[in-house]
Amino acid sequence: MKRYLLIFVMFAFCGQVSAQNDVAKLIHKGLELMDSMAVKGVDRRYIDIPERPWQIVVKNNMNQSVVKMKTTGTAAGMPYSVEPYLKTELSQYVGLWVGYRGHGMGYTMKVGGKKGGYLSMASTGKNYGLNLRIHTFENDHPRFDLNTDLIPEDSKDDWEQMHLKEPIKVRSLIADGYYMFNGKHFSYAAAYKQSMLQKRSAGSLMAGAMYYYGHIDYASNMNADLVYLMHGLGKVKLWQASVGVGYAYNWVPARGWIVNVMAMPMLTVVNRIKAYGYATNVAELLEDPRLLDEDLTDEEWDEWWENSLRLTPVGENTFNGGVMVNFDARLSLSYNFGRYFLNVFGQFNNNRYHHNGSKGYLNDWFVNSSIGIRL
């Protein structure tokens, strides 16, 4: 019996080793395919391929989001116009990116303050570039310019520099893809992933597509006064899909240096917005006698106000905005020296919408600075 058991264990072990070898061979073949695809069809006078395929990159990211809305209508028989402007505070992140021949992923975490993270994945080849970025963060020190008669002029400065008890929660997802018509001489990967080397200046016409999802949520009892000033709007979701044609150029001013500029106007063909409405008790509180009670200290007044605020969901409205023209722009500066490289990369996205009496935009920009090594 022991002999049979020993034979069974030996067969099981050999099978496990064989399976592991099969997986290793499959991975090796996949890496060889990436190597061959990287060099196939490129003009080596313009584009070079580093001998070391792996990259480990330390990243620093700074970003900021801006939301501008304009709503017009009639309330209590009187016309109104509200133009809220929200700018999040500048956020900073640090993290790592690991890749092989321009295919890889990375994650950065917010430094200090509220929670936040940035997950990025990319795949780049001779003629294409694919990117996915998922960004989540909280912000409790936004800058507001509400531009409404509901706030007295002498109180507007307080709102512009307000500190929220409950932070604004923001989530965004951007997936974009590009096709380069001049992949023989122009390398997108050299400018943005440093997995290739651009030896001579070259440019390329590009076709691209982008999907954008944004979610901004500040609907809580503690923010009921903000929701009141936003005319009941407490949460917004935005979906957009765009296609476009643009141009990118890699300028090589000296050995090891690459300056890239890319600009692409995009036609937004899917533009869907979901707005969540809320009722508040702020109007009632503004008529409460305690509002003008001089016997209350500032701390007592703040405690009464914050504990009295109430927010009630009243419904949601989904509508399709019109076809819009948006814009995608990028700028990259890279320097390669031996196994190492430095890069500074910035991107700006403009996403606009309109529907009936409401219109606005969401701008999102970020700057990545990084130092990496090839292995």
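Residues numbered from 1 in each chain as written. Predicted model: local features only at pLDDT ≥ 70, side-chain atom pairs only at ≥ 80, totals over all residues. Heavy atoms only, no water.

Student: How do you make sense of the overall build of the protein chain when you look at a structure like this?
Tutor: Looking only at helices and strands, the protein chain features 6 helices and 18 strands. Residue pairs in contact within the protein chain that sit at least 24 positions apart in sequence constitute 70% of those at least 6 positions apart. For the protein chain, the accessible surface area stands at approximately 19,900 Å², while carbon and sulfur atoms represent 60% of it. (Helix = DSSP H or I, 4+ residues; strand = E, 2+ residues; numbered from the N terminus. Contact = heavy atoms within 4.5 Å. Areas by Shrake-Rupley, 256 points an atom, 1.4 Å probe, with all protein chains shown as cover.)

Student: Looking at this structure, how should I read the side chain of Gln 55?
Tutor: Structurally, the position occupied by Gln 55 is in strand 2 (residues 54–75). The class of Gln 55 is buried, set by a relative accessible area of 1%. Of the polar contacts made by the side chain of Gln 55, one reaches the backbone oxygen of Lys 193; its length is 2.5 Å. (Buried < 20%, exposed > 50% of the residue type's maximum accessible area, 1.4 Å probe, protein only. Polar contact = N/O pair within 3.5 Å; in protein donor to acceptor, adjacent residues only side chain to side chain.)

Student: Could you clarify how one ought to interpret a nonpolar patch on the surface in this entry?
Tutor: A cluster of nonpolar side chains, namely Trp 54, Ile 56, Val 58, Leu 96, Val 98, Phe 337, Tyr 340, Leu 342, Ile 371 and Leu 375, defines an oily patch on the protein surface of about 840 Å² accessible area. When residues of the nonpolar patch are traced back to their parent elements, those giving at least two are strand 2, strand 5 (91–100) and strand 17 (340–355). Considering every element that reaches the nonpolar patch, the biggest residue donor is strand 2, with 3 residues. As for its placement among the helices and strands, Leu 375 is situated in the segment after strand 18 (358–374). (Patch = residues over 30% accessible without salt bridge, like charges linked within 9 Å, V, L, I, M, F, W, Y side chains within 5 Å. Salt bridge = Lys/Arg side-chain N within 4 Å of Asp/Glu carboxyl O.)

Student: Help me understand the pattern of salt bridges in this model?
Tutor: Between side chains of opposite charge, a pair can form when the charged atoms approach closely. In total, this model carries 5 salt bridges according to the counting rule given. A salt bridge links Arg 133 to Asp 176, with the nearest nitrogen and oxygen atoms 3.1 Å apart. Linking Arg 133 in strand 8 (residues 128–139) with Asp 176 in strand 10 (residues 168–180), this pair joins segments that are 43 residues apart in sequence. Each member of the pair, Arg 133 as well as Asp 176, is classed as buried. The closest approach of N and O atoms between Asp 176 and Arg 330, which form a salt bridge, is 2.9 Å. Remark: Arg 330 occurs in strand 16 (residues 324–337) and Asp 176 occurs in strand 10; sequence separation between them is 154 residues. Residues Asp 176 and Arg 330 agree in their burial class; the two are buried.

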